[in-house]
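Architecture and fold: a report
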Amino acid sequence: GLYLPAPSEYTPSDVVAAAFPDATVSNSSASGATATDLYWGKGVCAGAGCWFDRMAADHSNLVIINVGLNDMIRDNAPGQFEANLGALVDVAHGSGKQVILETPNPTTFADVSDIASKIRGVASEHGAGLIDQTFNVETFMPDWKDHLPDGIHPDDSMYHLKGIMDTIALSHIS
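Residues numbered from 1 in each chain as written. Predicted model: local features only at pLDDT ≥ 70, side-chain atom pairs only at ≥ 80, totals over all residues. Heavy atoms only, no water.

A side chain of one charge can pair with a side chain of the opposite charge when the charged atoms of the two come close. Per the counting criterion, the structure on display carries four salt bridges. Across the pair D58 and K97 runs a salt bridge whose closest N-O atoms are separated by 4.0 Å. On the criterion of sequence distance, the pair formed by D58 in the loop between α3 (51-57) and β1 (62-65) and K97 in the loop between α5 (80-94) and β2 (98-102) is long-range, its members being 39 residues apart. Here D58 falls in the partly exposed class, since its relative accessible area comes to 30%. Among the residues examined, K97 registers a relative accessible area of 3% and is labelled buried. Residue R120 is joined to D132 by a salt bridge in which the shortest nitrogen-to-oxygen separation is 2.7 Å. In this pair, R120 is assigned in helix α6 (residues 113-125) and D132 in the loop between β3 (129-131) and α7 (133-140), connecting sequence segments twelve residues apart. You can call R120 partly exposed: its relative accessible area is 32%. (Salt bridge = Lys/Arg side-chain N within 4 Å of Asp/Glu carboxyl O. Helix = DSSP H or I, 4+ residues; strand = E, 2+ residues; numbered from the N terminus. Buried < 20%, exposed > 50% of the residue type's maximum accessible area, 1.4 Å probe, protein only.)

Structural data, given as structure tokens:
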């Protein structure tokens with residue numbers, strides 16, 4: 001069985017690390033990042049290097065990519081988000097990594113269904129796995145709006161749910 005810690009100050013990566021003690025789990029997130037920032041190593045990702053260099057130097061077997069909310073806020077040209085996200089997946093695959101895309105949690109400031117649909121499409125088209133956190137949160141946390149103190153970012157309870165969903169998805173990967 002899986003050991004899952006109780007909600008507290010855990011991020012989803014903390015929950016996953018607790019469930020898989022023999023794995024190395026790292027959280028390389030950058031608040032405010034878009035798929036473009038991540039790919040080119042610009043904006044809040046400046047200094048981290050471009051995605052190609054980062055993936056070539058990284059020794060992990062699996063990468064979970066969770067972008068979309070910031071892309072949604074910054075009016076990209078039609079099709080640009082999908083192209084950027086697809087490029088992230090292709091580069092990671094080219095570096096020998098398994099890739100899982102993650103849809104964003106719902107928010108109270110905007111409907112995320114369009115960006116979630118785009119992420120699902122990219123996962124399908126580029127052979128990436130998918131953790132559908134939009135669906136998970138809306139389905140398993142009916143009072144999800146109460147768990148977004150600023151309307152966007154989850155509280156500990158929602159982060160815990162997201163971590164459990166990550167863990168369930170990862171437990172099926174060999």
